[in-house]
Amino acid sequence: MVCSPCLRRSALVAAVAPAIARCSLRHHSLLSLLGASEDRLLDAGKVKKPSAFLRELQLPALTDGVPTALCCHDAGYPRALRQLPCPPAVLYATCAPERLRDLFSSPTNPTVGIVGSRGRTPYAKQITFTLARDLARAGVTVVSGVNEGPEGIAHGGALWGGGRTIAVMACSPELSHLTWQDRLQQRILARGAALSEFPPGFFEHHRWCFVASQRIIAALADVIVVVEAGGYSLAVLTTQIATELGHDIAVVPGRVSDPGGERMFWLLRDGAHPVGNAEDVLEVLHGAGARGPTLHGAALREVAA
């Protein structure tokens, strides 16, 4: 069950979304706002008659495409999200609660987040697909967003490897940002889940919604792997949030002269783990020499080739 105060909070965030977009807040100021009081949200939304606005606020209702909603007071709400200073009041999902619990990270079912900028180089495309595919074959659940760059490719690679993925949406979880990804989204829903803090029917193209979704990826993933990153891309924000939560960061090295290459170098210099294949990522997950899930047969030979 979702409590009424959390449902109202979820509806309020969705209702003032356009006004929040006009505030032009920097990333961390935006995240601070998401954790602020109801009065501050109403003020940011420039609501002139708060009492009347709240009385008329329509609470979200579940649909066939979004059968599950968990509020932060629910026992099934992901413990990983409770670490956040501004956890989503309600988490909406496209799957049943049982699958959702099974997907969330556990010692036997680790989760790796794969993030990157939209500037999709051939190298980034190849390494992202291979990493996601082989991690999925090793029993890892891949979590990512749904951009046109490495994130969309990560889902495709994990599904190709027979694994499961979690797509963190910046709109209602049953909707798609990109029409060309409709088929991919259907495969994600069949094998994993799409999650969002935004209620059914919410579809706003606000950049801040994508910023907000990154904190969910950062919290759910045991390790964040960055494939490409611009000067201050959302991928970099994800690493900052994950670092604050005590999660490991891994980086696929590239040339410093490549777009975003200098930022990747800075992440490595600051302590991120350099990784080139799925075995490297598994070592970050389980520690050098640890006996965690490993790649099997052909997959291991493909990585080593």
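S.K.: Provide a residue-level description of the sheet that holds strand β1 (residues 68-71), including the pertinent values.
M.R.: An order of β1-β2-β6-β5-β4-β3-β7-β8-β9 is seen for the nine strands of this open sheet, with the pairing classed as mixed. Where the open sheet ends on each side, the last strands, each with one partner, are β1 and β9 (273-274). With respect to the sheet, helix α14 (residues 278-286) is in contact with β3 (111-116), β7 (223-228), β8 (248-251) and β9, its orientation differing from that of β7 by roughly 150°.

S.K.: Outline a nonpolar patch on the surface, listing residues and values.
M.R.: On the surface, a nonpolar cluster with roughly 280 Å² of combined accessible area is contributed by V256, F265 and W266. By secondary structure assignment, the location of V256 is in the loop between β8 and α13 (261-269).

S.K.: Which residues make up the pattern of salt bridges, and what values do they have?
M.R.: Tallying each qualifying case throughout the model produces seven salt bridges. For the salt bridge of R8 with E38, the shortest nitrogen-to-oxygen distance reads 3.0 Å. Of this pair, R8 sits in helix α1 (residues 4-15) while E38 sits in helix α4 (residues 38-44); the two residues are 30 residues apart in sequence, bridging distant segments of the chain. Accessibility expressed as a relative area gives 34% for R8, which makes it partly exposed. Judged by its relative accessible area of 22%, E38 is partly exposed. E197 is paired through a salt bridge with R215; the nearest N and O atoms lie 2.6 Å apart. Separated by 18 residues along the polypeptide, E197 in the loop between β6 (193-196) and α11 (207-220) and R215 in helix α11 bring together distant segments of the chain. R215 matches E197 in its accessibility class, with the two residues each being buried. If you follow the salt bridges from partner to partner, you end up with R133, D134 and R137 in one network.

About the cut-offs
- Residues numbered from 1 in each chain as written.
- Predicted model: local features only at pLDDT ≥ 70, side-chain atom pairs only at ≥ 80, totals over all residues.
- Heavy atoms only, no water.
- Pairing = 2+ DSSP bridges.
- Helix = DSSP H or I, 4+ residues; strand = E, 2+ residues; numbered from the N terminus.
- Contact = heavy atoms within 4.5 Å.
- Axes fitted to C-alpha atoms, helices over the stretch in contact; angles between N-to-C directions.
- Patch = residues over 30% accessible without salt bridge, like charges linked within 9 Å, V, L, I, M, F, W, Y side chains within 5 Å.
- Areas by Shrake-Rupley, 256 points an atom, 1.4 Å probe, with all protein chains shown as cover.
- Salt bridge = Lys/Arg side-chain N within 4 Å of Asp/Glu carboxyl O.
- Buried < 20%, exposed > 50% of the residue type's maximum accessible area, 1.4 Å probe, protein only.

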